[in-house]
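Survey of secondary and tertiary structure
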Amino acid sequence: MSELPNVVLVHGAWADGSSWSEVVERLQADGYSVTAPQFPETSVADDVARLRQVLKRQSRPTIVAGHSYGGHIMTALGADAPNVAGLVYVAAFGLDEGESLGALLGSGPPTPSLAHLAVDEQGFAWIPEEDYVAHFAADVDPIKARVMYAVQQPIAMSTFDYVMGAPAWKSHPTWYLVATEDQAIPPDAERMFAQRMGASTVEVAASHVAMVSHPDEVVRLIHAAAQAAQAAQAAQAGSSTDRLAGV
C-alpha cells in the first residue's frame, strides 16, 4: 500500500486555521501529515498564492479540503494544482468558469449569517457577534462560537468581484459535504455545486461550520478522498511496472 497522502486544510472567510483543529487532531492521530495555514483574504490572488506556497512544500500527493470561501480558493487553482490528488469541499463554494461570488450571493436575499455584514474603512467585511453565534456557528456551543467570532478573519469585499477561470474541480476528483442546516450558503446551492462537479457527496445535519460541529463526518470524507488517491497511485504504479515488464 502506498503512503498516506498529505492533507492541506483551507479555512474560509470569518474563520481561521484553528477552525480545523478538531479535524487536524483526528487526522494526525490517523497518521496523516496535515497543514492548516492562515490565509490573508485580502484578494483571491493573494489567497491562491498562499495555497500554492503550501502545496509546493508537500512531499507527496495531497488532499486539499476547503471550507466555505476556502473552496473558492482551491477552485481558483485551476488545472495547475501541484501535488493535488483530490479536492474535498466542506459547505464550500464551488463556482464554475465565468461566475463570481458577488453575482451568486446577489441572486437572492442575504442568508441569516450574512444579513448584517459590517464593512470597515479598509473594505473588509466582518460578521457581528449575534449573527455569528446564532447563525454562522448555530450548532456550536455558544462559548466556543464566541471564541470563533473573536478570531474571525475578515474578508476583502473585492473578493466577491473575482470572476472564476477554469475551475480546479474539472481536473481533479472531488468530494462534497452538504451542511443541511447551513445559514450562510443555502444547502440547495451546495447540492448544486456538488452535482455539477460530479462529486461524491454526503449530507450532514450541520451548520455552516461543519468541521467544528461534526469533525468525525468531515474526517471520514477526507479519508475517502485519501483512499481513492492511494488506489489511483497504486494503479498507476502497477501500470508502470507492467509497461517496464513488456506486458
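The following refers to the structure shown.

The rules behind the values
- Residues numbered from 1 in each chain as written.
- Predicted model: local features only at pLDDT ≥ 70, side-chain atom pairs only at ≥ 80, totals over all residues.
- Heavy atoms only, no water.
- Pairing = 2+ DSSP bridges.
- Helix = DSSP H or I, 4+ residues; strand = E, 2+ residues; numbered from the N terminus.
- Buried < 20%, exposed > 50% of the residue type's maximum accessible area, 1.4 Å probe, protein only.
- Right-handed = clockwise from strand over helix to strand, strands pointing away.
- Contact = heavy atoms within 4.5 Å.

Attention now goes to the sheet that holds strand β7 (residues 155-156). Strands sit in the order β5-β6-β7 across an open sheet of 3 strands; the sheet is antiparallel. Only two strands of the sheet have a single partner each, and these edge strands are β5 (118-119) and β7.

Side-chain direction in a regular strand flips from residue to residue, so the side chains alternate between the two faces of the sheet. Here strand β8 (residues 174-179) lies mainly inside the structure; 6 of its 6 residues are buried. Burial of β8 is two-sided: the residues T174, Y176 and V178 facing one way and the residues W175, L177 and A179 facing the other way are all buried. Across 5 bridges, β8 lies against strand β9 (residues 200-204) in parallel orientation. When the sheet's bridge partners are listed, V178 is paired in β9 with E203. What joins β8 to β9 is helix α7 (residues 187-197), and the crossover it makes is right-handed.

Before going further, it helps to examine the side chain of S100. With respect to the helices, strands and loops of the structure, S100 is situated in the loop between β4 (84-90) and α4 (101-105). With relative accessibility at 13%, the residue S100 sits in the buried group. Ignoring anything within four residues of it in the chain, the contact list for S100 reads L95, F160, D161, Y162 and V163.

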